[in-house]
Amino acid sequence: MRAPKFTVAVIEDDEAIRARLIADINVHEQLTVGFDSAFLSESLEWFNSNSVDVLLCDLGLPDGRGSELIAFCRAQYPEMEIMVVSIFGDEKNVLNAIEAGATGYLLKTESSDRVCQSILDLLAGGSPISPTIARMIIKRVESDPRPSAIDQADVPNLSKRETEVLQGLVTGMSYQEVADRLSIKLDTVRTYIKSIYQKLEVRSRGQAVYQASRLGIAGLGDDK
Amino acid sequence: MSELHGRLIWLACCVVVLAVAYQIRHISFQTPSGVLKLSVASFTQAGANQVAVQKTLPDNWQWHNNRTSHGFYRVQFSIADLDNSVKAILIPTVRSNVSVALNGEKVGDGGSMQPPIASNLRKPLMFVVPHGLLQTGNNILEVELKSSVSGKGFLDAIFVGPHAALNPAFKRHNFYRITLVESITYGLLITTLVIAILAGLRPQNKEYAWFALATFLWAAHNATNHITNIVVSNHVWDWFSYVTLGWFALVAPVVLARFKQQIHPRFERFLLSLAIVLPLLMLVLPQPAMHAMADYLWYPLAFSIGGGALLFVAIDAWKTNDLESQLLTASGLFIIPYALHDLLIVQAVLPWEDGFYIQFGAVVLLAVFTMILLYRLVRSTNEAELLNLNLSDEVSKKTQEIQAAMERTRLLEKNEWLSDERARITRDMHDGFAGQIASVLSTLKSGRFEAAEVETQLEYSINDLRLMIDSLDNEENDLVTLLGMFRYRANPMLEQAGIELDWVSLPPDTRIELLPATALHLLRIMQEALQNAVRHANCTRIKISATHNPEYPDEVLIRVQDNGVGIATELLDEPSKGKHRGLRNMRYRAEQINAALDICSTDTGTSLSLTLPAERLDQPSS
């Protein structure tokens, strides 16, 4: 019996890259492209009533920001894996996408077999974090302490272990090396990274609510 | 034209002042009507065997060179029809004191007849005659006169008549001579107090203190004009009267000069020595000599100096057309005629019964002075307030200007840095990436190529481009992250080649920051070393380590070791000769970032060591 296929949506405005990604994905026996588009509006409309297992989303779309689609899908479909399609050296935007709800990212220049491998890794629960992103996360959490006005559970800080995992990743260690260093299992490292992703997203949402309530936008900050 | 106007107005003011000053004559004694004026008396000097002589009242002993200080006047007068009204005897002016007896009965005196003799310098004396003492027909009035200064006694004409007729004249005279002067004294004392407080509050403005001294001296001198019952000896009292007025005249120039913001230390010292020496001399001299000295040396000298100062201010007022100077000279003008008048009285040129005017003279001057000082104070307070307001405005304006200037400087620096960086990146792109792509293009154009070779070349170019981006975009160019990214990027290549990587990096909390240019040189050296190992060394293991140099903690030691076949010795020795531009480039780059590069190769492997100064990696020598 064949393994069930995972459906993938490709949202990318560069025709050549989209075509290559679709081709790479369709070739893989476990993956199939369920939807592709170059436009934000079109995608939002489609995702209103449809879903996929994995969303590949470019950040710069002709009619809007990809992070809007990411946030929408994260809210609609909490189980969906969302990957930012990024060029290298664009870590700031990747971090913003993670805060919008992305759980992984993919470089546009990645070779065909690594595209599928990254998607499958993500589905298996392994979100990637580059050293630069790891360092940016540490800095962001450090420099941006939890706003006191928000309920503690809403804006979680990183645990000591999670920070240690990130510090290992900053130095270029692989997940396995991090696990060895901290004397924990590889899967535990993956779990930590997943939870870091989630916390970033929750934090940024909490921050947004906090900012909104600070700006006096009615209703948003209230519990009523 | 307007300046001339100002001067003319000032001169006119001076004339008006003199005209007003002349009106002082109206305060002289006005003979009441319906009373008897007694002006013929027989005078007997005190002492044994003295002969009575006929005198006309007013009688000034100075006029007939009488050296005595004690004498008796006897006046005979007759009254035809005596009514029942209360009668009185009025003597407008005496010097220094009298005791009056009518028909052998004493009717009164002007104070103590024994030393210290009461000083009735200004005081009119009126005695109510007890009922029944005055008789129809002949009456005899006996007046005993005592002068505190021998030879300087004075007795005015004597008025006898109904109290109701004499009283208005007495009151009027008493008002001008005593009450008014007393009021002036109190006013001056209050002024002194106010100015002294100001002087204490503003010790840097010495003119306040000097002015307070001047007003006090004037008040003190005035007091000698209306205080009758003295407690010190006549000698000291007279001395005090002379000295206070003289001192005022000596202090006035200092006040005026300092008021005009001028300080003449030598002149002030001269005045001080005058003010000390002459009064001391007067104090030790016997009484007649003291009076002579006061009348003929002390007063003339002091008033010449004071008047001279006023003249200086007048000249200044004329020259500069300065309103303050003009006001001061105009008001000071009062003093001149009064001082001259009084000086002439003292020297018996003018009749003694005129009385002194000097006590009124300085009042206007001092009032004007006070007003100017207060006005100055108010003005400077206002100016300070305005200045404060302007200052805070100024400060905020300047702050903004400085901020703007700093912003401009920062922008300029940033622009300069940006254009430097832009030039460097452009050069890098042109020399590196563009050259590599061009080379691939020409290979493709030639038609003779192997796909694998082209792929390798393009991969190399992309990797180089990644290094460039990492060197630029890395957060703060943190060395640890930079090395981490290098390993992260190198992973796929190593996996593909089936090479095991042993990775040892610096501790995560190591803080070493590099400039983008330095970072790129470092990354390219490491990339070159790694690619050499992957492509040419035929190795199975690579170890990359970054550690602090144990001997020099300020250095970072980066090693790339493989277990491959090693590099040919001739290539290492003379890298420029071979096709291996890579080695030569590495050395060049190491030089650029002040790092020591050491390559050691044997047939069991190659080891590349790069020693970076870790404190200051940011300024590669150009």
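So, how was this worked out
Residues numbered from 1 in each chain as written. Chains lettered and ligands numbered in written order. Predicted model: local features only at pLDDT ≥ 70, side-chain atom pairs only at ≥ 80, totals over all residues. Heavy atoms only, no water. Helix = DSSP H or I, 4+ residues; strand = E, 2+ residues; numbered from the N terminus. Buried < 20%, exposed > 50% of the residue type's maximum accessible area, 1.4 Å probe, protein only. Areas by Shrake-Rupley, 256 points an atom, 1.4 Å probe, with all protein chains shown as cover. Domains from an automatic or database assignment. pLDDT = per-residue confidence, 0-100. Contact = heavy atoms within 4.5 Å. Buried area = accessible area lost by both parts, 1.4 Å probe. Salt bridge = Lys/Arg side-chain N within 4 Å of Asp/Glu carboxyl O. Pairing = 2+ DSSP bridges. Axes fitted to C-alpha atoms, helices over the stretch in contact; angles between N-to-C directions. Polar contact = N/O pair within 3.5 Å; in protein donor to acceptor, adjacent residues only side chain to side chain. Nonpolar A, V, L, I, M, F, W, Y, C, P; charged D, E, K, R; others polar. Phe/Tyr/Trp six-rings, centres within 6.5 Å; stacked < 30°, edge-to-face > 60°. Lys NZ or Arg CZ within 6 Å of the ring centre and 35° of its normal. Core = buried A, V, L, I, M, F, W, Y, C linked by side-chain atoms within 4.5 Å.

Peer 1: Would you take a moment to explain the overall build of chain A for this structure?
Peer 2: Tallying secondary structure elements over chain A gives 9 helices and 7 strands in all. Residues classed as buried in chain A amount to 51% of the 224 residues present. Counting every atom, chain A has about 10,600 Å² of accessible surface; 50% of that belongs to carbon and sulfur.

Peer 1: It is not clear to me how the domain arrangement of chain B should be interpreted in this structure. Could you clarify?
Peer 2: How big an interface is tends to be expressed through the accessible area that disappears when the partners come together. According to the domain assignment, chain B contains domain 1 (2-26 + 179-386), domain 2 (38-171) and domain 3 (476-613). Spacing between the C-alpha centres of domain 1 of chain B and domain 3 of chain B amounts to 98 Å.

Peer 1: For this particular structure, what's the right way to read the confidence of the model for chain A?
Peer 2: Interpreting fine coordinate detail is not advised for predicted regions of low pLDDT. Of the residues in chain A, 83% reach a pLDDT of 70 or more, and the chain-wide mean stands at 81. Low pLDDT, under 50, characterises residues 217-224 of chain A; the stretch is placed with 5 contacts to residues that sit more than four places away or in other chains.

Peer 1: Which parts of the structure should I look at to understand the domain arrangement of chain A?
Peer 2: Residues and elements named next belong to chain A. The domain boundaries assigned to chain A delineate domain 1 (6-123) and domain 2 (131-214). Opposite the 16 residues of domain 1 that make contact, domain 2 presents 10 residues. Buried area between domain 1 and domain 2, both sides added, is near 1,200 Å², and the carbon and sulfur share of it is 66%. On the domain 1 side of the interface with domain 2, the three residues burying the most area are Leu95, Ile98 and Glu99, jointly 52% of the side's total. Summed over the shared surface of domain 1 and domain 2, the result is 1 salt bridge.

Peer 1: How should I be thinking about the sheet that holds strand E13 (residues 158-162) of chain B in this particular structure?
Peer 2: Consider a sheet: its strands pair through backbone hydrogen bonds, and that pairing is either parallel or antiparallel. Residue and element names in this part refer to chain B. The antiparallel open sheet is built from 4 strands, whose spatial order is E1-E13-E6-E10. Strand pairing shows two members of the sheet lacking a second neighbour, strand E1 (36-38) and strand E10 (125-129), which therefore form its edges. Within this sheet the neighbouring strands show an average axis-to-axis angle of 20°, counted without direction. Relative to E13, E1 runs antiparallel, the two sharing 3 bridges. Within E13, the residue paired with Leu36 across the bridge is Val160. Helix-sheet contacts for helix H2 (residues 163-201) involve strand E6 (87-91), E10 and E13, and the interaxial angle to E13 is about 130°.

Peer 1: Help me understand the side chain of Thr443 of chain B in this model?
Peer 2: By the element assignment, Thr443 of chain B lies in helix H9 (residues 358-446). Aside from chain neighbours lying at most four places away, what touches Thr443 of chain B is Arg448, Phe449 and Gln457 of chain B.

Peer 1: What exactly am I supposed to notice about the interface of chain B and chain A here?
Peer 2: Contacts between the two partners involve 23 residues from chain B and, on the opposite side, 24 residues from chain A. Summed over both sides, the interface of chain B with chain A buries roughly 1,900 Å², with 53% coming from carbon and sulfur. Viewed at the interface, chain A and chain B are joined by 5 residue pairs in polar contact (both at pLDDT 80 or more). Partitioned by chemical class, the residues of the side of chain B that touches chain A number 10 nonpolar, 4 polar and 9 charged.

Peer 1: Any chance you could explain the packing of aromatic side chains here in plain terms?
Peer 2: Between two aromatic rings, the relevant description is the distance of the centres plus the angle of the planes. According to the stated counting rule, one finds 19 aromatic pairs over all chains in the structure shown. Aromatic side chains Phe259 of chain B and Phe369 of chain B sit 4.7 Å apart centroid to centroid with 65° between the ring planes, which places their arrangement in the edge-to-face category. Placement of the pair is Phe259 of chain B in helix H4 (residues 234-259) and Phe369 of chain B in helix H9, with a sequence separation of 110 residues. Neither residue differs from the other here; Phe259 of chain B and Phe369 of chain B are each classed as buried. Joined through ring pairs, the aromatic side chains of Phe35, Trp46 and Phe47 of chain A make up one cluster. Arg7 of chain B extends its terminal NZ or CZ atom over the ring of Trp318 of chain B, reaching a point 5.4 Å from the ring centre. Across from the ring centre of Phe259 of chain B, 3.9 Å away, lies the NZ or CZ of Arg376 of chain B, which sits over that ring.

Peer 1: Would you mind showing me how to read the pattern of salt bridges here?
Peer 2: When the charged atoms of two side chains with opposite charge come close together, those side chains can pair. Residues and elements named next belong to chain B. Inspection of every chain in the model, using the stated rule, returns 25 salt bridges over all chains. Ionic pairing is found between Lys397 and Glu394, a salt bridge with its closest N-O pair at 3.8 Å. Of this pair, Lys397 and Glu394 both sit in helix H9, separated by 3 residues, roughly a single helical turn. We note a salt bridge from Glu401 to Lys398, for which the minimum N-O separation is 3.5 Å. On the criterion of helical spacing, the pair formed by Glu401 and Lys398 is a turn pair, its members being 3 residues apart in helix H9. Assessed through its relative accessible area of 44%, Glu401 is described here as partly exposed.

Peer 1: Please explain the nonpolar core as it appears in this structure.
Peer 2: Across soluble globular proteins, nonpolar side chains have a tendency to be buried as a group. Counting 92 residues, the largest nonpolar core has Phe47, Leu55 and Ile137 of chain A together with Ile542 of chain B as its most contacted members. In terms of residue count, helix H12 (residues 516-536) of chain B provides more of this core than any other element does, 10 residues in total. Leaving out residues up to four positions away in the same chain, Ile542 of chain B has contacts with Leu494, Ile499, Glu500, Leu501, Asp502, Leu530, Ala533, Val534, Val560, Gln561 and Asp562 of chain B. Within the second largest apolar cluster, 67 residues are counted, among which are Ala21, Phe259, Leu278 and Leu373 of chain B.

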